[in-house]
Amino acid sequence: QALRQGLADPDWSAEPSQSGDLSRLPPAVVMDIDDTVLDNSEVQVRMALRHTCPADYPTVWDAWVAESAAPAVPGAAAFIRAARELRDPQGRAARIFFITNRECGARAGASTTCAQKADTLANLRALGLDAPTIESDLMARLERPDWQSEKFSRRRQVAQEYRIVLNVGDDLADFIPDVRRQSLAEREQARCRHYDWWGSRWFMIPNPMYGSWQRVLGPDLDTALAQPLAPPACGETG
């Protein structure tokens, strides 16, 4: 519903850095990959059951990515297929850009210098989510020097040639830059500045397993999560 509304309105954008006449730009949707499109519950369970140490996480994670076997988050595949079929008033379909912090780097024994990207492409194709432009649609961390963990530089590049109609992710940092090390109050202020965008231009997929919120709450998550919830903010009533 939100995508149809955004496609129909030539001034609609889900990227705060975009302004001016956007009608000349074809539409696009930006999506995170992990636990937005691909469901990584299985590897999280594996690590919990095996008591994986934080130092071993990168190795276990890389092996999981190499399997290229993650299922789709419920609803994600259907949404992507539908988005590629819808058109704006000029008959242009929405192009899906996957902006992921899966790392572009070499792996021993791999024939590519960007192993995790190749694995992710294989995973998307196995789910029937291929597209003619899929290799350039997937934008991995460190694929270019300025593509760091902050995703703003990649969204900005997309925004140069496309009108970003929707942004879908599972972490506040997928939407707003520079929040990874901010305090809870600062993150709440950043969220509130775009209050009207949540559920209309920005869609957050709940992820209770991991995220930048862990840094905010500190090392003792049990104690932090036991604290009373803060009262509703940003004009919310419940």
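Look a little higher up for the structure.
All figures in this text were calculated on a predicted structure; none of them were measured in a lab.

Novice: Just checking my understanding: could you explain the pattern of salt bridges for this structure?
Specialist: Any two side chains of opposite charge can pair, given that their charged atoms come close. Applying the stated rule across the entire model yields 15 salt bridges. Where Glu 15 meets Arg 155, a salt bridge forms, and the shortest distance between an N and an O atom there is 2.7 Å. Here Glu 15 is found in the loop between helix H1 (2-8) and strand E1 (27-31), whereas its partner Arg 155 is found in helix H7 (residues 152-161), with 140 residues between them in sequence. Pair check on accessibility: Glu 15 and Arg 155 agree, each one buried. In this structure, the salt-bridge partner of Arg 46 is Glu 67, at a minimum N-O distance of 2.8 Å.

Novice: Which parts of the structure should I look at to understand the state of the cysteines?
Specialist: Note on terminology: a disulfide is the covalent bond linking the sulfur atoms of two cysteines. One pass over the structure, following the stated rule, counts one disulfide. Paired by a disulfide, Cys 104 and Cys 114 hold their sulfur atoms 2.2 Å apart. Here the residue Cys 104 occupies a position in the loop between strand E2 (95-103) and helix H5 (115-126), and Cys 114 occupies one in the loop between E2 and H5, the gap between them amounting to 10 residues. According to the relative accessible area criterion, Cys 104 is buried, its value standing at 16%. Overall, Cys 114 belongs to the buried group, its relative accessible area being 10%.

Novice: Explain the nonpolar core here, please?
Specialist: Core analysis: the biggest nonpolar cluster contains 30 residues, and Met 31, Val 37, Phe 98 and Leu 124 have the highest contact counts within it. Breaking this core down by element, the ones donating at least two residues are H1, E1, helix H2 (41-49), helix H3 (57-67), helix H4 (76-85), E2, H5 and strand E4 (163-169). Non-local contacts of Met 31, meaning those with residues more than four positions away in its chain, are made with Thr 36, Val 37, Phe 79, Ile 80, Ile 96, Phe 97, Phe 98, Ile 99 and Val 168. Formed by 20 residues, the second largest nonpolar core is a distinct cluster that contains Ala 14, Phe 97, Val 158 and Leu 172.

What counts as what
- Residues numbered from 1 in each chain as written.
- Predicted model: local features only at pLDDT ≥ 70, side-chain atom pairs only at ≥ 80, totals over all residues.
- Heavy atoms only, no water.
- Salt bridge = Lys/Arg side-chain N within 4 Å of Asp/Glu carboxyl O.
- Helix = DSSP H or I, 4+ residues; strand = E, 2+ residues; numbered from the N terminus.
- Buried < 20%, exposed > 50% of the residue type's maximum accessible area, 1.4 Å probe, protein only.
- Disulfide = S-S within 2.5 Å.
- Core = buried A, V, L, I, M, F, W, Y, C linked by side-chain atoms within 4.5 Å.
- Contact = heavy atoms within 4.5 Å.

Fair warning: the whole summary comes from geometry, so function is off the table for now.
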